[in-house]
Amino acid sequence: MTKTDPVLGTRALNRATLDRQLLLNRSPLTARAAVEHLLGLQAQNVKPPYYALAARLDGFRPEALSELMADREVVRIVTMRSTIHTHTADDALTLRPLVQAARDRELTNFRKGLVGVDLDRLAALARDLVEAEPRTMKQLREALLEEWPDADPQSLAIAARCRLPLVQVTPRGLWGRSGQVALTTAEHWLGRPAEPVPAPDATVLRYLAAFGPASVKDMQTWAGLTRLKEAFERLRPRLLTFRDERGVELFDLPDAPRPAADTPAPPRFLPEFDNLLLSHADRTRVIPAEYWGRSWVGNMVYATFLVDGFLAGVWKLEEDTLVVEPFGKLTKAQRQEVTEEGMRMLATMHPGTSYDIRFGTVVRPS
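Undergrad: Just give me the short version of the pattern of salt bridges, but keep the residues and values in it.
TA: Two side chains that carry opposite charge are able to pair once their charged atoms sit near each other. Applying the stated rule across the entire model yields 30 salt bridges. One salt bridge in this structure joins arginine 56 and aspartate 274, with 2.8 Å as the shortest N-O distance. With arginine 56 in helix α3 (residues 48-56) and aspartate 274 in the loop between β8 (268-270) and α13 (275-278), this residue pair connects regions lying 218 residues apart in the sequence. Between lysine 316 and glutamate 318 there is a salt bridge, with the nearest N and O atoms lying 3.3 Å from each other. Since its relative accessible area comes to 34%, glutamate 318 is described here as partly exposed.

And the structure:
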């Protein structure tokens, strides 16, 4: 970083990130191309990836993503931050090896329950089990417990999940369908081997394309990895550098869009766990300081909406009503824009179903 690095204010960072996230203007990309560009979608629950694409794509149909999953072109797998993501098949076979070291380190939290367990043998046995037929976590846990009866059952199952790239097989994840979580390996499900552990450089460039401008710590937060500074330094000659208002160095691709800070940003309805809110160490580019912590309570995370590009409240569907709960006061024009966006979201996700839209009680700080 030099003293001559241009400064990007919060609103400039907000508009750039919204643009990369396909939230400033709806994109004509296909569902598959969008999942690839975004480096996957948070998918702890089944529905969020569908709502995430509905907010981002022009003409999106939930069936488009569901068909990709049925055809094994996208899969649900634990990757970044030890959370389930919907990834393209290619990314499942490359991003999971990239973060494998973090999954291995995660197991140190469960070492008390794994005393005497040979983790290499566990991985081999678990692979044989799930490749013979998809297994639920309960089935996997019970089978491994036969081999290590003195181990903690839950730790055994977590060890299998950490050591192996386990994907959730369909019908789990399909739109309008239900199914318990059953697992097999990504290689078995996709019919091809995983890639060797890659250098992070290519993923750094892709991260900046989807989330930049960003700092080293931002990407480390997104990936759940450490020691990425070396990759940024190798790439420095190919990148532009900026500073945020706190003086933190930010990296970016030279040809990436950086819209003006006053570019209009229409309202958007996002699902719980949306990528936009979780992929930076410094989230003030999206979350106003006064609203930090307002979109979750304990382990309960709410679906959110944006006004003027920033987190502005939460929403939920209650039977035949979309309930919108702003954190602060909205102007009459903003309420109208939020209502229109809500109607568009409902028409996309639930065509042919009639919903009322109600502005609920403003959520107060806990």
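Undergrad: Go over the layout of surface pockets with me, naming the residues and quoting the values.
TA: Empty space within the largest pocket amounts to approximately 270 Å³. In terms of lining residues, the largest pocket is bounded by 18 residues, among which Ser215, Val216, Lys217, Val248 and Glu249 are the most central. Contributing elements (two or more residues each) for the lining of the largest pocket: α11 (216-223), α12 (229-235) and β7 (249-252).

Undergrad: Quick one: what's the story with the environment of leucine 174, residue by residue and with numbers?
TA: Mapped onto the fold, leucine 174 is located in the loop between β4 (166-168) and β5 (183-185). Placed 107 residues apart in sequence, leucine 174 and glutamate 67 show a C-alpha to C-alpha distance of 7.8 Å. If we ignore the near neighbours within four places in the chain, the residues touching leucine 174 are Val46, Tyr50, Ser66, Met69 and Ala70.

Undergrad: Before we move on, can you summarise empty space enclosed by the protein with the specific residues and values?
TA: Using the criterion set out here, one finds one cavity of 30 Å³ or more in the structure. By volume, the largest cavity amounts to about 50 Å³. Here the residues of the lining of the largest cavity are counted per class, giving two nonpolar, three polar and five charged.

Undergrad: Can you explain the packing of aromatic side chains? Please cite residues and give values.
TA: In the structure shown here, the tally under the stated rule is eleven aromatic pairs. Aromatic pair tyrosine 51 and tryptophan 315: ring centres 5.7 Å apart, planes at 50°, arrangement tilted. Of this pair, tyrosine 51 sits in helix α3 while tryptophan 315 sits in strand β12 (residues 310-318); the two residues are 264 residues apart in sequence, bridging distant segments of the chain. Each of the two residues, tyrosine 51 as well as tryptophan 315, counts as buried.

Undergrad: Got a sec to walk through the packing of helix α10 (residues 201-211) against α11? Specific residues and values, please.
TA: The N-to-C vectors of α10 and α11 enclose an angle of 95°; their axes lie 11 Å apart at closest approach. Here α11 runs roughly perpendicular to α10, going by the angle between their axes. Residue-level contacts link Thr203, Val204, Tyr207 and Phe211 of α10 to Asp218, Met219 and Trp222 of α11. Classifying every residue of the contact of α10 with α11 gives five nonpolar, one polar and one charged.

Undergrad: Which residues make up unusual backbone geometry, and what are the values?
TA: Residue threonine 170 is joined to proline 171 through a cis peptide bond whose omega torsion reads 15°. Position of proline 171 among the secondary structure elements: in the loop between β4 and β5. Residue proline 213 follows glycine 212 across a cis peptide bond; omega there is -5°. Looking at where proline 213 falls in the secondary structure, it is placed in the loop between α10 and α11. Here the phi dihedral of leucine 39 falls at roughly 60°; this positive angle occurs in a residue that is not glycine. Examined against the element boundaries, leucine 39 turns out to sit in the loop between α2 (31-37) and β1 (41-42).

Cut-off values and rules
Residues numbered from 1 in each chain as written. Predicted model: local features only at pLDDT ≥ 70, side-chain atom pairs only at ≥ 80, totals over all residues. Heavy atoms only, no water. Salt bridge = Lys/Arg side-chain N within 4 Å of Asp/Glu carboxyl O. Helix = DSSP H or I, 4+ residues; strand = E, 2+ residues; numbered from the N terminus. Buried < 20%, exposed > 50% of the residue type's maximum accessible area, 1.4 Å probe, protein only. 1 Å grid on protein atoms, 1.4 Å probe; cavity = no way out; pocket = protein on both sides within 12 Å on 5 of 7 lines; lining within 4 Å. Points joined across faces, edges and corners; volume = space filled by probe spheres on them. Contact = heavy atoms within 4.5 Å. Nonpolar A, V, L, I, M, F, W, Y, C, P; charged D, E, K, R; others polar. Phe/Tyr/Trp six-rings, centres within 6.5 Å; stacked < 30°, edge-to-face > 60°. Axes fitted to C-alpha atoms, helices over the stretch in contact; angles between N-to-C directions. Parallel < 35°, antiparallel > 145°, perpendicular 65-115°, else oblique.

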